[in-house]
Amino acid sequence: MSYQLRVRIENAIADFTKAIELCPGNVNYYINCGRTYLEQRELNKAINDFMVTLQLELKNVKALIAREYAYKQLNIKTNF
């Protein structure tokens, strides 16, 4: 991964984190931050963001699918 791409991803995570602080009820910020963590292979952080999304919106399909993908990458079996 190039240095410029890594910096852009780190900036995106910082931006999403700030957006979450300002508007903690917006599930889109959590999903986008989680997806960005997935790109970085920071799977546990991604799962945490998807879990918060599901606490806010129980049947959020995007969060369910992304969480299951992260679990699969970690070889964690679920009953999804």
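Report on the accompanying structure. (Residues numbered from 1 in each chain as written. Predicted model: local features only at pLDDT ≥ 70, side-chain atom pairs only at ≥ 80, totals over all residues. Heavy atoms only, no water.)

With respect to helix α4 (residues 61-73)
As a reminder, the rule being used: Counting from the N terminus, the helices are DSSP H or I runs at least four residues long and the strands are E runs at least two residues long. Any helix carries an expected span of 1.5 Å times its number of residues minus one. Only protein chains enter the accessibility calculation, which uses a 1.4 Å probe; a residue is then buried when its area is under 20% of its type maximum, exposed when over 50%, and partly exposed in between. Any pair of residues with heavy atoms lying within 4.5 Å of one another is described as a contacting pair. Polar contact is defined as a pair of N or O atoms within 3.5 Å, subject to the rule that within protein one atom must be able to donate a hydrogen and the other to accept it, and that residues adjacent in sequence are counted only when both atoms are side-chain atoms.
The end-to-end C-alpha distance of α4 is 18 Å, a good match for the 18 Å that 13 residues give at a rise of 1.5 Å each. Within the span of α4, buried status applies to A63, L64, A66, R67, E68, A70 and Y71. Against α2 (27-39) and α3 (43-56) lie the buried residues of α4. Between the side-chain oxygen at the start of α4 and the backbone nitrogen of K62 there is a gap of 3.1 Å, and the oxygen is on N60. Positive backbone phi, approximately 60°, marks N75, located one or two places after α4.

Topic: the environment of K77
Looking at the element boundaries, K77 is found in the segment after α4. Residue K77 is classed as exposed on the basis of its relative accessible area of 80%.

Some remarks on the pattern of salt bridges
Definition in use: By definition, a salt bridge exists where a carboxyl oxygen of Asp or Glu is found within 4 Å of a side-chain nitrogen of Lys or Arg.
All told, the structure shown has three salt bridges when counted by the stated rule. We note a salt bridge from K18 to E21, for which the minimum N-O separation is 4.0 Å. Placement of the pair is K18 and E21 together in helix α1 (residues 3-22), with a separation of three residues, close to one helical turn. On the accessibility criterion, E21 (55% relative accessible area) is exposed.

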